[in-house]
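Geometric and topological summary
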Amino acid sequence: AAYPADGATVDDILKNVDNAMYFAKQSGKNCWKFYDTDMQAAAYEKMLLTNNLHRAVANKEFSLHYQPQVSIATGAIVGFEALLRWRTPENGDIPPTRFIPVAEQSGLIKVIGTRVLHEACQFARRLTDSGRGNLCVAVNVSPHQLCADGFIESVDDALRAAGISPSRLEIEITENAVIASLQEAISRLETLRGMGVRLTLDDFGTGYSSLTYLQRLPVQTLKIDKSFIDRILDTGANKTIICTIVDMAHQLDMTVVAEGEETAEQLAYLAGSRCDLAQGYLFSRPAPEEEAVGLLPPL
Ligand code: C2E
Ligand code: MG
Ligand code: MG
């Protein structure tokens, strides 16, 4: 940062140097950045979001929506993914892709994530109580959450409070969640597996997609990222990649979910690739509980 453009006082300039350093760290470290006003805007926005998140936790501004997962072979709904929604009084809905990273950085993800686990397990319980059988409910867990103190206990609490079998709960993690501390992540995932919780590797194909992870992570389900489904009809190469992922996963005894199908053509192709489950707007957007339950066949 330089005088006078980036500040009139030493304090201001040092504050902006700090902003620039923060951005350099976020851009993968080992690099340098000049301060610019966009950084200040981003830092300001983050501060506002963090403050609002604190308030949101206190005021219960969060809710869960549920998106069905459908068997491609039979068309039956086999479970739901719980997706977090935040409705603010001042700015309406803020998407999770914007607030989850801020919740992670501020540590708030722990209380938010615990509530999500509780609410999702209670939803599974209500499904059983209303005669909907034993459908699974999937919950997303982010990197800090998985490795935070007390995570396993909070999963156990949520299962016990709802009185459901652990096999009704599916925990979705991404490769990013395990990369930072692989050993710790694997050991936690193994504990969850031992408890009977189901595990899914989400957004497969977007990160390193390392075969080592596939071999070492005790996951039973692989979710192919939407970006592959978007391009499925583009070229023969895309089709080959999807078929290969499906075959590989099946050989490893995993179930394969394709995420984000929006057209019947995409679904028809997936059926031919022997993919097991589909979850996309074609069937339903994530919806509030009542609407999601309404998608199930009448009792
Ligand atoms: P994800 O776990 O990969 O969830 C799938 C996202 O794709 C959801 O976005 C869903 O609404 C969207 N989607 C599903 N089908 C379609 C489709 O056909 N077309 C399009 N355009 N989109 C589709 P959403 O709800 O905005 O969530 C985004 C991400 O935020 C999630 O990605 C997940 O990583 C994160 N997230 C959501 N809820 C939670 C939560 O409770 N805890 C944590 N840690 N992360 C969450
Ligand atoms: Mg997910
Ligand atoms: Mg995904």
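Up top is the structure.
Computed from a prediction, not measured in an experiment: that's the story for all the values here. (Residues numbered from 1 in each chain as written. Chains lettered and ligands numbered in written order. Predicted model: local features only at pLDDT ≥ 70, side-chain atom pairs only at ≥ 80, totals over all residues. Heavy atoms only, no water.)

At 2.0 to 2.4 Å from the magnesium ion (ligand 3) lie its protein donor atoms, namely Asp202 (OD), Asp203 (OD) and Glu259 (OE). Along the chain, the residues that donate to the magnesium ion (ligand 3) are spaced as D-D-x55-E. The metal-metal distance between the magnesium ion (ligand 3) and the magnesium ion (ligand 2) is 4.3 Å, with Asp202 serving as a donor to both. (Donors = N, O, S within 2.8 Å, 3.2 Å for Na, K, Ca; no water.)

A word on the packing of helix H1 (residues 10-26) against helix H2 (residues 37-59). Axis separation between H1 and H2 bottoms out at 10 Å; the angle between their running directions is 85 degrees. One element, H1, and the other, H2, form an angle in the roughly perpendicular class. Of the residues in H2, those in contact with Asn19, Ala20, Tyr22 and Phe23 of H1 are Met39, Ala42, Ala43 and Lys46. When the residues that make up the contact of H1 with H2 are grouped by side-chain class, the tally is 6 nonpolar, 1 polar and 1 charged. (Axes fitted to C-alpha atoms, helices over the stretch in contact; angles between N-to-C directions. Helix = DSSP H or I, 4+ residues; strand = E, 2+ residues; numbered from the N terminus. Parallel < 35°, antiparallel > 145°, perpendicular 65-115°, else oblique. Contact = heavy atoms within 4.5 Å. Nonpolar A, V, L, I, M, F, W, Y, C, P; charged D, E, K, R; others polar.)

So, about the site of ligand 1. Near ligand 1 lie 24 residues; those nearest to it are Arg85, Asn140, Asp202, Glu262 and Tyr281. Contacts to ligand 1 include Asp202, whose side-chain N or O atom sits 2.8 Å from an oxygen atom. Between ligand 1 and Asp203 there is a distance of 3.1 Å, counted from an oxygen atom to a side-chain nitrogen or oxygen. When ligand 1 is considered free in solution it has 800 Å² of accessible area, and contact with the protein chains removes 82% of it. (Near = heavy atom within 4 Å. Polar contact = N/O pair within 3.5 Å; in protein donor to acceptor, adjacent residues only side chain to side chain. Areas by Shrake-Rupley, 256 points an atom, 1.4 Å probe, with all protein chains shown as cover.)

Turning next to the nonpolar core. If you look at the biggest cluster of nonpolar residues, it comprises 76 residues, and the most contacted ones within it are Ile171 and Leu192. If one sorts the elements of this core by residue count, helix H4 (residues 109-129) sits on top with 9 residues. Other than its neighbours up to four places away in sequence, Leu192 contacts Leu146, Phe151, Ile152, Val155, Ile171, Val197 and Leu199. (Core = buried A, V, L, I, M, F, W, Y, C linked by side-chain atoms within 4.5 Å. Buried < 20%, exposed > 50% of the residue type's maximum accessible area, 1.4 Å probe, protein only.)

In short, geometric facts, not functional conclusions.
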